[in-house]
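# Analysis of the macromolecular model
Here's the letter readout for the chains.
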Amino acid sequence: MSLNLLPVFAVGLAGSVHCIGMCGGIVGALSAGAPRRAIPIVPAGGTAALALADSGVARVLAYNAGRIGSYMVAGALAAGLANGAASLARVAAWQGIAYLLANAMLVALGLYLMDAWRGLAHVEQAGRILWRRVQPLMKPLLPMDTLPKAFALGGLWGWVPCGMVYSVLLTALLSGSAAGGAAVMLAFGLGTLPMLLALGLAGARLRATLQQRRVRIACGLLVLAFGLLGIARYAGGLPHGWLDALCVGTP
């Protein structure tokens, strides 16, 4: 099954309202803990870059780079393991099942974001087994006062049990190759980036706004629409054409 990355990016963008609750506190702490000093205006090649490197903005960027990197590793591992069944990818029946499964996960994710169905929360419980092993590694990274610590913490935080990440990870698994799986998770991670960067700069006020129920419902409906669109197209209810760009994959 070939995968389109545009809808995966959009799912990350809409689903980042869930990231606000999961990662918002740590991103806000990175920004709030930044040194309170002005960044001087100097000619190119001066010391402004060094001052920026010490700022909360740089640490937020480092944290998110580590987080997205961990998503890519997970996507590559999942798709690489599934590549052992690559011969099945050439079977039309398997392609159809994989396509429907990917879009069904988008429907589940949309309902999850709206708090209309909490089935993905059970998947998160399974992920806590891995998280119990990863969590102790965070202690040496606190306080997060350097860029390497922020990057490493983001890399560990990417393994926090999250139903949204797991649903997209299933799509990455269906990509058929380690490179494809990494690309899917990169697109998803980049989709979550604008919201978390804005949160790191704007702080608690933006966090409170984005966690409002109406915002979560609107974002959940968008993700739900992607899944229903893909299922409807597979069932023959929609013509092929420009709509293909809005569907996760092609059966």
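Computed from a predicted model, the values in this text were never measured in an experiment.

If you tally the helices and strands in the protein chain, you get 10 helices and 2 strands. When its helices and strands are written in sequence order, the protein chain yields β-α-α-α-α-α-α-α-α-α-α-β. A total of 251 residues make up the protein chain; the buried ones form 44% of that total. Long-range contacts, defined as pairs at least 24 residues apart, comprise 78% of the intrachain contacts of the protein chain with a sequence gap of at least 6. By element, 71% of the accessible surface of the protein chain is carried by carbon and sulfur atoms, the whole surface being about 12,000 Å².

A word on the packing of helix H3 (residues 56-82) against helix H6 (residues 147-157). Following both chains from N to C, one finds H3 and H6 inclined at 35°, their axes separated by 6 Å at the closest point. Note on packing geometry: the crossing formed by H3 with H6 is right-handed. Packed against H3, whose contacting residues are Ala58, Arg59, Ala62, Tyr63, Ala65, Gly66, Arg67 and Ser70, the element H6 presents Leu147, Ala150, Phe151, Leu153, Gly154, Gly155 and Trp157 at the interface. A breakdown of the residues in the contact of H3 with H6 according to their chemical character gives 9 nonpolar, 4 polar and 2 charged.

Right, let's get into a nonpolar patch on the surface. Nonpolar side chains collect at one region of the surface, where Phe9, Leu13, Leu186 and Leu190 lie side by side and expose about 280 Å² of accessible area between them. Listed by contribution, the elements that provide at least two residues to the nonpolar patch are helix H1 (5-32) and helix H8 (178-202). Examined against the element boundaries, Leu186 turns out to sit in helix H8.

A few words on the UniProt feature "transmembrane region" (unreviewed entry) in the protein chain. UniProt annotation of "transmembrane region" (unreviewed entry) refers to residues 41-61, 68-86, 92-113, 150-174, 180-203 and 215-236 when read in the numbering used here. Taken end to end, residues 150-174 comprises 76% helix and 0% strand; its first and last C-alpha atoms sit 31 Å apart. Here residues 215-236 runs as 91% helix and 0% strand, with 32 Å between its end C-alpha atoms.

As a further point, take the nonpolar core. Core analysis: the biggest nonpolar cluster contains 38 residues, and Val11, Leu109, Val168, Met185, Phe188 and Val223 have the highest contact counts within it. For Val223, the residues in contact, after removing those within four places along its chain, are Val11, Ala14, Leu106, Leu109, Gly110 and Leu113. Counting 12 residues, the second-largest nonpolar core is a separate cluster that includes Val134, Leu141, Ala150 and Leu153.

Under the defined criterion, the tally for this structure stands at 3 salt bridges. Put simply, Asp115 and Arg216 hold a salt bridge, and the shortest N to O gap is 3.8 Å. Highlighted residues: Asp115 in the loop between helix H4 (92-113) and helix H5 (119-134) and Arg216 in helix H10 (residues 213-234), separated in sequence by 101 residues. The network of salt bridges with common partners includes Asp115, Arg118 and Arg216.

Closest axis-to-axis distance for the H5/helix H7 (residues 163-173) pair is 8 Å, and the angle between their directions is 90°. As summarised for this structure, H5 and H7 are arranged roughly perpendicular, according to the angle between their axes. From H5, Leu120, Val123, Glu124 and Gly127 reach across to H7, where they touch Gly163, Tyr166 and Ser167. Its residues assigned to classes, the contact of H5 with H7 shows 3 nonpolar, 3 polar and 1 charged.

Looking at the protein chain, the pLDDT average stands at 79 and 76% of residues meet or exceed 70. Every residue in residues 34-54 is under pLDDT 50, and counting partners more than four places away or in other chains gives 20 contacts.

On to the packing of aromatic side chains, then. Summed over the entire model, instances satisfying the criterion amount to 3 aromatic pairs. Aromatic side chains Tyr99 and Tyr234 sit 5.6 Å apart centroid to centroid with 35° between the ring planes, which places their arrangement in the tilted category. Taken together, the residues span a long stretch of sequence, with Tyr99 in helix H4 and Tyr234 in helix H10 at a distance of 135 residues. Take Tyr99: its relative accessible area is 0%, and that puts it in the buried class. Assessed through its relative accessible area of 37%, Tyr234 is described here as partly exposed. Plain terms: the ring middles of Trp131 and Trp157 are 6.0 Å apart, the flat faces sit at 80° to each other, and that makes the pair edge-to-face. On the criterion of sequence distance, the pair formed by Trp131 in helix H5 and Trp157 in helix H6 is long-range, its members being 26 residues apart. Like Trp131, the residue Trp157 is buried in the burial classification.

The rules behind these values
- Residues numbered from 1 in each chain as written.
- Predicted model: local features only at pLDDT ≥ 70, side-chain atom pairs only at ≥ 80, totals over all residues.
- Heavy atoms only, no water.
- Helix = DSSP H or I, 4+ residues; strand = E, 2+ residues; numbered from the N terminus.
- Buried < 20%, exposed > 50% of the residue type's maximum accessible area, 1.4 Å probe, protein only.
- Contact = heavy atoms within 4.5 Å.
- Areas by Shrake-Rupley, 256 points an atom, 1.4 Å probe, with all protein chains shown as cover.
- Axes fitted to C-alpha atoms, helices over the stretch in contact; angles between N-to-C directions.
- Left-handed = near helix turned anticlockwise from the far one by under 90°.
- Nonpolar A, V, L, I, M, F, W, Y, C, P; charged D, E, K, R; others polar.
- Patch = residues over 30% accessible without salt bridge, like charges linked within 9 Å, V, L, I, M, F, W, Y side chains within 5 Å.
- Salt bridge = Lys/Arg side-chain N within 4 Å of Asp/Glu carboxyl O.
- UniProt positions renumbered as here; feature names shortened; annotations may be inferred.
- Core = buried A, V, L, I, M, F, W, Y, C linked by side-chain atoms within 4.5 Å.
- Parallel < 35°, antiparallel > 145°, perpendicular 65-115°, else oblique.
- pLDDT = per-residue confidence, 0-100.
- Phe/Tyr/Trp six-rings, centres within 6.5 Å; stacked < 30°, edge-to-face > 60°.

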